Amino acid sequence: TVFYGPGLTFSASATDRVSGVDTIYISMNGAPFQPYGQDILIDKEGACHVRVYAVDRVGYAGDVQSLRFTLDLSPPETSTRSRGPAGASMTASGTLIELAATDNLTGPRQTYYRLDDQNEFSTYKNSPISLKRLEEGEHSISYYSVDHVGNREEQKRFDFYLDKTPPRVEAAITGDHFNKDGKDYISARTPIRITAEDNKGGIKHIRYSIDGENDATDENVYTEPFSIKGKPGNRTVYYEAVDNLDN
């Protein structure tokens, strides 16, 4: 299939070495033949079948010439997809941004993008865009695609906030306890509370372990204050918080 893009005009010419050409006749997409007078602008997308022949000044008609092609007037459509931790308009430094273009006829030829206010667009080479070099804060990716006959998509923009800050987490003894020389003394009934705050992404979970045991199991996801049971002596509570972007 031969494809053409916007601004296509059809022109026809004929020669006759004896009496000369009298009239050229043309038919578009099965319509009756009509005398051809001037160039024809073809502006309807889709398959097109043009037939043409000429008649000389003594009435001899030439063979019908046929031309088939498809007119593509539609630009590609490009979309973004986040690979890795991402939320509503938020990403992490490890997140990769993919651009995917589709086109209904000739197919996408090339996609272009730029980060923030860069002067020049870069060619997207089917490798995800890394955000690791960006500073934390508001950013954008502008992008568009072009198909094989020059239809250009209107520029689009993906705005996002890059969150590199982990949550702030604190533990507090909320029941009976005694502090001496910087060391806390508690009983087996003393509750320990863990709280966490995050600047953007929100808290995904808080995990804790007592004396470093079972710190990677779901049983140690913090949901409510807990107390330390078992053997007396020096005990240690380890804890961490992770936000929804895995910081």
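Just above sits the structure.
Procedures and definitions
- Every residue gets a number counted from 1 within its own chain, in the order that chain's sequence is written.
- Restriction of local features to residues with pLDDT of at least 70 applies here, the model being predicted, together with a cutoff of 80 or more for giving and counting side-chain atom pairs; totals for whole chains, interfaces and linings are based on all residues.
- Water and hydrogen atoms were dropped before computing side-chain values, which therefore reflect all heavy atoms in the structure.
- Between any two strands, pairing holds if DSSP finds at least two bridges.
- Helix and strand definitions follow DSSP, with helices as H or I runs of at least four residues and strands as E runs of at least two, each counted in order from the N terminus.
- Of the grid points, spaced at 1 Å and generated over the protein atoms alone, those admitting a 1.4 Å probe that cannot get out make up cavities, while open sets with protein on both sides within 12 Å along at least five of seven lines make up pockets; any residue with an atom within 4 Å of a point is treated as lining.
- Grid points are joined across faces, edges and corners, and a volume is the space filled by probe spheres set on the points.
- Basically, the charged four are Asp, Glu, Lys and Arg, the nonpolar ten are Ala, Val, Leu, Ile, Met, Phe, Trp, Tyr, Cys and Pro, and anything else, Gly included, counts as polar.
- Buried, partly exposed and exposed residues are distinguished by accessible area as a fraction of the type maximum, computed with a 1.4 Å probe on protein chains only: under 20%, between the cut-offs, and over 50%, respectively.
- Charge convention: Lys and Arg are scored as positive, Asp and Glu as negative, and His as well as the terminal groups of each chain are ignored.
- One side-chain nitrogen of Lys or Arg within 4 Å of one carboxyl oxygen of Asp or Glu is enough to make a salt bridge.
- Polar contacts, as counted here, are pairs of nitrogen or oxygen atoms within 3.5 Å of one another; within protein the pair requires one atom able to donate a hydrogen and one able to accept it, and residues that are adjacent in sequence qualify only if both atoms are side-chain atoms.
- We call two residues contacting when some pair of their heavy atoms lies within 4.5 Å.
- For Phe, Tyr and Trp, where Trp contributes only its six-membered ring, two rings pair if their centres lie within 6.5 Å, and the inter-plane angle classes them as stacked under 30 degrees, edge-to-face over 60, or tilted in between.

Spatially, 6 strands are ordered β9-β10-β16-β15-β12-β13 in an open sheet, and the strand pairing comes out mixed. Of all strands in the sheet, those bounded by a partner on one side alone are β9 (86-87) and β13 (122-124). Where β9 lies against strand β10 (residues 90-91), 2 bridges are found, and the strand directions are antiparallel. By the bridge assignment for β10, Ala86 is matched with Thr91.

What follows is about the layout of surface pockets. There is about 580 Å³ of room inside the largest pocket. What lines the largest pocket is a set of 21 residues, and nearest its centre among them are Asp184, Ile186, Ile228, Gly233 and Arg235. Of all the elements in the fold, those that place two or more residues in the lining of the largest pocket are β17 (168-173), β19 (183-186) and β22 (237-243). If you tally residues by element for the lining of the largest pocket, the top one is β19, at 4 residues. Across the lining of the largest pocket, the residue classes break down as 11 nonpolar, 5 polar and 5 charged. If you go around the second largest pocket, you meet 17 residues; those closest to its centre are Ala14, Thr15, Tyr53, Ala54 and Gly62. If you list the elements that add at least two residues to the lining of the second largest pocket, you get β3 (21-28) and β6 (46-56). Top element by residues in the lining of the second largest pocket is β6. It accounts for 5 residues.

Moving on, we come to the side chain of Asp72. You can see Asp72 is positioned in the loop between β7 (65-71) and β8 (77-83). Despite its burial, Asp72 pairs with no opposite charge, the nearest such side chain being Arg109 at 11 Å. At a separation of 3.1 Å, a polar atom in the side chain of Asp72 contacts the main-chain amide nitrogen of Ser74. In contact with Asp72, not counting residues within four places along its chain, are Tyr4, Gly5, Pro6, Glu45, Asp103, Asn104, Leu105, Thr106, Asp147, Val149 and Asn151.

Throughout the structure, instances matching the rule amount to 11 aromatic pairs. Ring geometry for Tyr25 against Tyr53: centres 5.2 Å apart, planes inclined by 20°, an arrangement best described as stacked. Taken together, the positions of Tyr25 in strand β3 and Tyr53 in strand β6 put the pair 28 residues apart, joining distant regions of the chain. The exposure class of Tyr25 is partly exposed, given its relative accessible area of 22%.

Below, the discussion takes up the side chain of Asn151. You can see Asn151 is positioned in the loop between β15 (137-147) and β16 (156-162). The buried category is assigned to Asn151, whose relative accessible area is 5%. Within the local environment of Asn151, its side chain forms a polar contact with the backbone oxygen of Asp72, the two atoms lying 2.9 Å apart. The contacts of Asn151, once residues within four sequence positions are left out, are Pro6, Asp72, Leu73, Ser74, Pro75, Pro76, Ser145 and Val146.

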